[in-house]
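# Secondary and tertiary structure notes
This is what each chain is made of:
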Amino acid sequence: RGTVMFVGVDSTWRWRFGVGDLYFYRFWQQAIRFLATRALLGKTKQFSLSTDKVRYYAGQTVTLSAFVRDKDYEPLKEPYQMATVLGPDDTRIPLKMALDERNPGNYTATFIPKKLGFYKAWLGGTEIDPQEALAHQTFKVEVPPLEKSKPAINEAFLKEIASKTGGFYSHLSGIKEVPKRIESIEETISTEVSEQPLWDKWYVLVLFASLITVEWVARRLRRML
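About the criteria used
- Counting restarts for each chain: residues are numbered from 1 in the order of the written sequence.
- Where local features are concerned, this predicted model is filtered to residues with pLDDT of at least 70; where side-chain atom pairs are given and counted, the filter is 80 or more; whole-chain, interface and lining totals use all residues.
- Excluded from the side-chain calculations are hydrogens and water; all other atoms, namely the structure's heavy atoms, are used.
- To qualify as a helix, a DSSP run of H or I must reach at least 4 residues; to qualify as a strand, a run of E must reach at least 2; elements of each kind are numbered from the N terminus.
- The quantity called the radius of gyration is restricted to C-alpha atoms. Its globule counterpart is 2.2 Å times the number of residues to the power 0.38.
- Residues count as neighbours in contact if any of their non-hydrogen atoms are within 4.5 Å of one another.
- Charge assignment in this entry is limited to Lys and Arg as positive and Asp and Glu as negative, and neither His nor the chain termini are counted.
- To locate a charge, take NZ of a lysine, CZ of an arginine, CG of an aspartate or CD of a glutamate.
- For patch building, the residue pool is restricted to those with more than 30% relative accessible area and no salt bridge; the joining distance is 9 Å between like charges and 5 Å between nonpolar side chains (Val, Leu, Ile, Met, Phe, Trp, Tyr).
- For accessible areas, the Shrake-Rupley method is used with a probe of radius 1.4 Å. Any residue's cover is judged against the shown protein chains and nothing else.
- For this analysis, a salt bridge means a side-chain nitrogen from Lys or Arg found within 4 Å of a carboxyl oxygen belonging to Asp or Glu.
- Here the term buried applies to any residue with accessible area under 20% of the maximum for its type, exposed to any over 50%, and partly exposed to those in between, with areas from a 1.4 Å probe on protein chains only.
- The pairing criterion for strands is at least two bridges between them, as found by DSSP.
- As a rule, the C-alpha atoms of each element are fitted with a line to give its axis, helices using only the stretch in contact, and angles between N-to-C directions run from 0 to 180 degrees.
- We define the nonpolar core as a collection of buried residues of types Ala, Val, Leu, Ile, Met, Phe, Trp, Tyr and Cys that are connected through side-chain atoms lying within 4.5 Å of one another.
- A helix is expected to span 1.5 Å multiplied by its residue count minus one.

All right, on to the overall build of the protein chain then. Across its full length, the protein chain holds 5 helices and 8 strands. Counted from the first residue to the last, the protein chain has its helices and strands arranged as α-β-β-β-β-β-β-β-β-α-α-α-α. Relative to a compact globule of 225 residues, whose C-alpha radius of gyration would be 17 Å, the protein chain shows 37 Å and is clearly more extended. Viewed in the frame of its principal axes, the protein chain has a C-alpha envelope of about 110 × 70 × 45 Å. A sequence separation of at least 24 residues applies to 53% of the contacts in the protein chain between residues at least 6 apart. Distance from the positive charge centre (32 side chains) to the negative charge centre (26 side chains) of the protein chain: 6 Å.

In structure tokens form, the structure reads like this:
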């Protein structure tokens, strides 16, 4: 009993090709660290508490599952266990977790969060400090992605937007007709170009001679000649 990871391939060593241990060690180190830190995650051999997910959308039901053993590490058979959920507004919600009679030691409870944010659940009543709880679990409630909940195209709405913005609606099958519907915009900008050659200007010759003279004097003073 505990956290288990199943890897269905036996060729992760191939991840070393071209990059050494960059991905291979990172994957296995994180996997071992996750599997070995049950106590840090609020789980022990005697008590454990978990949720069916770590992220929920508003309105979804959260299912809490606990496994409890007695002092002899035998599955507990009491009819229920108390748990507490701490909401993002610091409200403590008591939950009565019922025993699964077919699986002694296993208790479950469900509730629907009312607010968005981070939640923390632990075994015990509302008077218990979360840091002193026998087992605990955290999860988050987020705004549901409405765009992904109804991915079907809303053709009527798109046509309405096109008509109000002076555009047009085209189905993907008519994509070839779109370039023909785009009006070309032409604009002529008149410019005047005046060329003035510099190679035969007297001041260019003076400037060039001055620069050469300055360089020669500087090199002479530095004894670079």
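Moving on from the model shown.
A cluster of nonpolar side chains, namely L198, W202, Y203, V204 and V206, defines an oily patch on the protein surface of about 520 Å² accessible area. Relative accessible area serves as the criterion here: at 30%, V204 is assigned to the partly exposed category.

In this section: the sheet that holds strand β8 (residues 136–142). Pairing is mixed in the open sheet, where 8 strands are placed in the order β1-β3-β6-β5-β4-β7-β8-β2. Edge positions in the sheet fall to β1 (47–51) and β2 (55–57), since each has one partner strand and no second. Averaged over all neighbouring strand pairs, the angle between strand axes comes to 30°, with direction disregarded. As paired strands, strand β4 (residues 80–86) and strand β5 (residues 92–99) are joined by 7 bridges and run antiparallel to one another. From the neighbouring strand, A83 faces β5, where its bridge partner is L95.

Turning our attention to the nonpolar core. The nonpolar side chains of a soluble globular protein tend to be buried, and buried together. Among the nonpolar cores identified, the biggest contains 22 residues, and L49, L64, V85, M97, Y107, L123 and F139 are the most heavily contacted of them. At the level of elements, β1, β3 (62–68), β4, β5, β6 (106–111), β7 (117–123) and β8 are the ones that each hand at least two residues to this core. By residue number, the principal contributor to this core is β3, which donates 4 residues. If near-sequence neighbours (up to four positions away) are discounted, L123 is found in contact with F47, S48, L49, A66, V68, M82, A83, M97, I128, A133, L134 and A135.

Right, let's talk about helix α5 (residues 202–221) for a bit. For an α-helix, 3.6 residues make a turn, and residues three or four places apart therefore share a direction. Spanning 20 residues, α5 covers 29 Å between terminal C-alpha atoms, matching the ideal 28 Å at 1.5 Å per step. Within two residues after α5, R223 carries a phi angle of roughly 60°, on the positive side.

To continue, consider the environment of V204. When you line up the elements, V204 lands in helix α5. Expressed as a C-alpha distance, the spacing of V204 and D129, which sit 75 residues apart in the sequence, is 86 Å.

Further remarks concern the pattern of salt bridges. Close approach of charged atoms lets side chains of opposite charge pair. Under the counting rule described, the total for this entry stands at 7 salt bridges. The partner of E155 in a salt bridge is K159, with the nearest N and O atoms 3.4 Å apart. Here K159 and E155 lie together in helix α3 (residues 155–164), a separation of 4 residues that amounts to about one turn. Overall, K159 belongs to the partly exposed group, its relative accessible area being 42%. Ionic contacts of the salt-bridge type, sharing partners, join the residues R55, K140 and E142 into one network.

Of note, the phi angle at Y73 is positive, near 65°, even though the residue is not glycine. Considering the arrangement of structural elements, one finds Y73 in the loop between β3 and β4. For Y73, a relative accessible area of 44% translates into the label partly exposed. Backbone geometry at D90 places phi at a positive 65°, although glycine is not the residue there.

Let's shift gears to the pairing of β1. Across the 5 residues of β1, 4 count as buried, placing the element largely inside the fold. Both β1 and β3 contribute to a ladder of 5 bridges, which runs antiparallel. The partner of F47 across the bridge, within β3, is V68.

Residue placement: T138 occurs in strand β8. For the pair T138 and T51, spaced 87 residues apart in sequence, the C-alpha to C-alpha distance is 8.3 Å. Those residues within four positions of T138 in sequence are excluded, and the remaining contacts are Y119 and K120.

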